[in-house]
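Survey of secondary and tertiary structure
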2 protein chains.
Amino acid sequence: MDYYSNQISRLIEEFSCLPGIGAKSAARLAFHLIHMPEADVKRLADTMVEARQKVRYCKVCCTLTDSELCPICSSTQRDHKTVMVVENTRDLAAYEKTGKYNGVYHVLHGAISPMIGIGPEDIKLKELISRLADDVEEVIIATNSSLEGETTAMYISKLIKPIGVKVTRIASGVPVGGDLEYIDEVTLLRALDGRTEL
Amino acid sequence: MDYYSNQISRLIEEFSCLPGIGAKSAARLAFHLIHMPEADVKRLADTMVEARQKVRYCKVCCTLTDSELCPICSSTQRDHKTVMVVENTRDLAAYEKTGKYNGVYHVLHGAISPMIGIGPEDIKLKELISRLADDVEEVIIATNSSLEGETTAMYISKLIKPIGVKVTRIASGVPVGGDLEYIDEVTLLRALDGRTEL
């Protein structure tokens, strides 16, 4: 690509490595950046480096945070006896947005997937088990409803039940506003199995 | 968003300001970054700042480059008597990828658009006119086939013709591989008007 300058080509290449950004979006981003005020580019770059340097795992729940304990784990308003297990911080954020869950979380940072070589030791499971000594009454497994999420849920429940802690799984079924016509068969059967009395 | 750390929230906010990146993609990018090796984040940040600082306009054709003259303007292999006018560097790159155009370029960095307040003085038109004294024989207008691109083409042709330089416009018609059935009426009429004898 000798029709772009070296700097631009390198920038496009770097952007293309980010998830969800193809060659065209990378070029678009690069040219946008070139036309941004220099101070803004500097600030964006600094924010990136600073975030990467300062963000770490919460000592208790393993979510991403910038202090030793995340705001949820250090809150006295939350019910620390109920722990919801999620795959990543975005899933935690999704439940926090509902504003209705008052327990705490545990972030696994992944799900067991033998297909791509992710085993139980590659996710934050050890950290979950060591928390259970601290007076936890219920573990709600909220991993995704994918093959990996279900595998992880099964694995965790088999691991925790013998300890004597109650283990539950979030319901799987037809999403609110979902049209039955467009919903896959597995979900329809799950919804049927999980029916509740009115 | 107190369920993310400050750093992550700020990073997501910064990413959301980039073109084509919504709230969800911004979060995805931010979390990807947090999990990247620190050295890679540093390199990406440096590339961004360096590109913004070093890239400037070519003295002759106004394309983005890192030296005084871009590789095309400084090449002795190119025909400097033929100047193709494009809206931006990506359009230049598109023609360069064909490998068949041997003239030089002029990059306007925009198109005339009274709707959003971009007038002839806001694009690199003055620079184009001042080049015409240098023995230019033909100006090929390759602005987009949009309302703004057409307006700009008309404006430039009216400006240049009195100087006595040949002005041409790239053909507009059915794209190669295009199915007539799915092509809009304006394009179909353009293709008819621009028909050539076989």
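Residues numbered from 1 in each chain as written. Chains lettered and ligands numbered in written order. Predicted model: local features only at pLDDT ≥ 70, side-chain atom pairs only at ≥ 80, totals over all residues. Heavy atoms only, no water.

**Let's talk about the state of the cysteines**
Residues and elements named next belong to chain B. What counts is decided by this rule: Cysteine sulfur atoms that pair up within 2.5 Å are treated as a disulfide. Accessibility here uses a 1.4 Å probe with only protein chains present; expressed as a share of the type maximum, an area under 20% marks a residue as buried, one over 50% as exposed, and anything in between as partly exposed.
Using the criterion set out here, one finds zero disulfides over all chains in the structure. No disulfide involves Cys62; its nearest neighbouring cysteine sulfur is the one of Cys61, lying 6.6 Å away. Overall, the relative accessible area of 4% leaves Cys62 in the buried class.

**What about the interface of chain A and chain B?**
Often, the extent of an interface is quoted as the loss of accessible area upon association of its parts. For the record, the criterion: Contacts are assigned to residue pairs that have any heavy atoms within 4.5 Å of one another. Reported buried area values correspond to the accessible surface (1.4 Å probe) lost by two parts on association, with both partners' losses combined. Within this document, salt bridges are pairs made up of a side-chain nitrogen of Lys or Arg and a carboxyl oxygen of Asp or Glu, the two lying within 4 Å of each other. Polar contacts here mean pairs of N or O atoms no more than 3.5 Å apart (in protein, one a potential hydrogen donor and the other a potential acceptor; neighbouring residues in sequence count only if both atoms are side-chain atoms).
Of the residues lining the interface, 54 residues belong to chain A; the matching set on chain B comes to 54 residues. For the chain A and chain B pair, buried surface summed over both sides reaches about 5200 Å², with 68% attributable to carbon and sulfur atoms. At the boundary of chain A with chain B, the tally comes to four salt bridges. At the junction of chain A and chain B, the tally comes to 12 residue pairs in polar contact (both at pLDDT 80 or more).

**Some remarks on the sheet that holds strand β4 (residues 103–107) of chain A**
The pairing of strands in a sheet happens through backbone hydrogen bonds and is either parallel or antiparallel. Residue and element names in this part refer to chain A. Put simply, the rule reads: DSSP-based pairing: two strands are paired if at least 2 bridges between them are found. Secondary structure counts use DSSP, requiring at least four H or I residues in a row for a helix and at least two E residues in a row for a strand, with both numbered from the N terminus. To get an axis, fit a line to the C-alpha atoms, keeping to the stretch in contact for a helix; angles then go from 0 to 180 degrees between the N-to-C directions.
Reading across from one edge, β4-β3-β5-β6 is the order of the four strands in this open sheet, with parallel pairing throughout. Each edge of the open sheet carries a strand with a single partner, namely β4 and β6 (166–169). The average undirected angle you get between the axes of adjacent strands in this sheet is 25°. Against the sheet, helix α4 (residues 89–98) touches β3 (79–86) and β4, its axis set at about 160° to β4.

**Considerations on the pairing of strand β5 (residues 138–141) of chain B**
All names here are of chain B. On β5, burial covers both faces: Glu138 and Ile140 on one face and Val139 and Ile141 on the other are all buried. Summarising the sheet, strand β3 (residues 79–86) and β5 pair through four bridges and their orientation is parallel. Each bridged residue has a counterpart across the sheet, and for Val83 the counterpart in β5 is Val139.

**Quick word on helix α6 (residues 147–160) of chain A**
This is how it is decided: How far a helix is expected to stretch is found by multiplying one less than its residue total by 1.5 Å.
A rise of 1.5 Å per residue sets the reference length of α6 of chain A, with its 14 residues, at 20 Å; its end C-alpha atoms lie 20 Å apart and thus fit the reference within 8%. If you follow the buried residues of α6 of chain A, they end up packed against β3, α5 (125–131), β5 (138–141) and β6 of chain A.

**Comments concerning the relation of the copies chain A and chain B**
This is how the line gets drawn: In this comparison the copies share one frame, found by least squares on the C-alpha atoms of residues holding pLDDT of at least 70 in both.
Mapping chain A onto chain B calls for a screw motion: a turn of 180° about the axis and a shift of 0.0 Å along it, with 0.1 Å RMSD after fitting. Taken together, the turn and the small shift mark the pair as related by a two-fold rotation axis. For chain A, the residue whose C-alpha comes nearest the rotation axis is Ala45 of chain A, separated from it by 2.2 Å.

**Side note on the pattern of salt bridges**
Across all of its chains, the model carries 20 salt bridges over all chains by this definition. Across the pair Arg43 of chain B and Glu14 of chain A runs a salt bridge, and its minimum N-O distance is 2.8 Å. With one member in each of two chains, Arg43 of chain B in helix α3 (residues 38–54) and Glu14 of chain A in helix α1 (residues 6–16) form a pair that bridges those chains. Note on Glu14 of chain A: relative accessible area 13%, which makes it buried. Here Glu150 of chain B and Arg190 of chain B are joined by a salt bridge, their closest N and O atoms 3.2 Å apart. Here the residue Glu150 of chain B occupies a position in helix α6 (residues 147–160), and Arg190 of chain B occupies one in helix α7 (residues 185–193), the gap between them amounting to 40 residues. The class of Arg190 of chain B is partly exposed, set by a relative accessible area of 30%. Residues joined in a network through salt bridges with shared partners are Arg10 of chain A together with Glu50 and Lys54 of chain B.

**Looking at the environment of Gln7 of chain B**
By secondary structure assignment, the location of Gln7 of chain B is in helix α1 (residues 6–16). The sequence separation of Gln7 of chain B and Glu137 of chain B amounts to 130 residues, and the corresponding C-alpha distance is 56 Å. Not counting residues up to four positions away in its chain, the partners in contact with Gln7 of chain B are Glu50, Ala51, Lys54, Val55 and Asp66 of chain A. A polar atom in the side chain of Gln7 of chain B sits 3.0 Å from the side chain of Glu50 of chain A.

**Re the packing of helix α3 (residues 38–54) of chain A against α1 of chain B**
As a reminder, the rule being used: Should an angle fall under 35 degrees it is taken as roughly parallel, and over 145 as roughly antiparallel, whereas 65 to 115 is taken as roughly perpendicular and any remaining angle as oblique. Left-handed describes a crossing in which the near helix is turned anticlockwise from the far one by less than a right angle; the clockwise case is right-handed. Gly counts as polar in this scheme, as do all residues outside two lists: the nonpolar Ala, Val, Leu, Ile, Met, Phe, Trp, Tyr, Cys and Pro, and the charged Asp, Glu, Lys and Arg.
Interaxial distance between α3 of chain A and α1 of chain B falls to 9 Å at its minimum, and their mutual angle equals 150°. Taken together, the axes of α3 of chain A and α1 of chain B lie roughly antiparallel to each other. Relative to α1 of chain B, α3 of chain A is oriented so that their crossing is left-handed. Every residue of α1 of chain B that contacts α3 of chain A at Arg43, Leu44, Thr47, Met48, Glu50, Ala51 and Lys54 of chain A is listed here: Gln7, Arg10, Leu11, Glu14 and Phe15 of chain B. Across the contact of α3 of chain A with α1 of chain B, the residue classes tally to five nonpolar, two polar and five charged.

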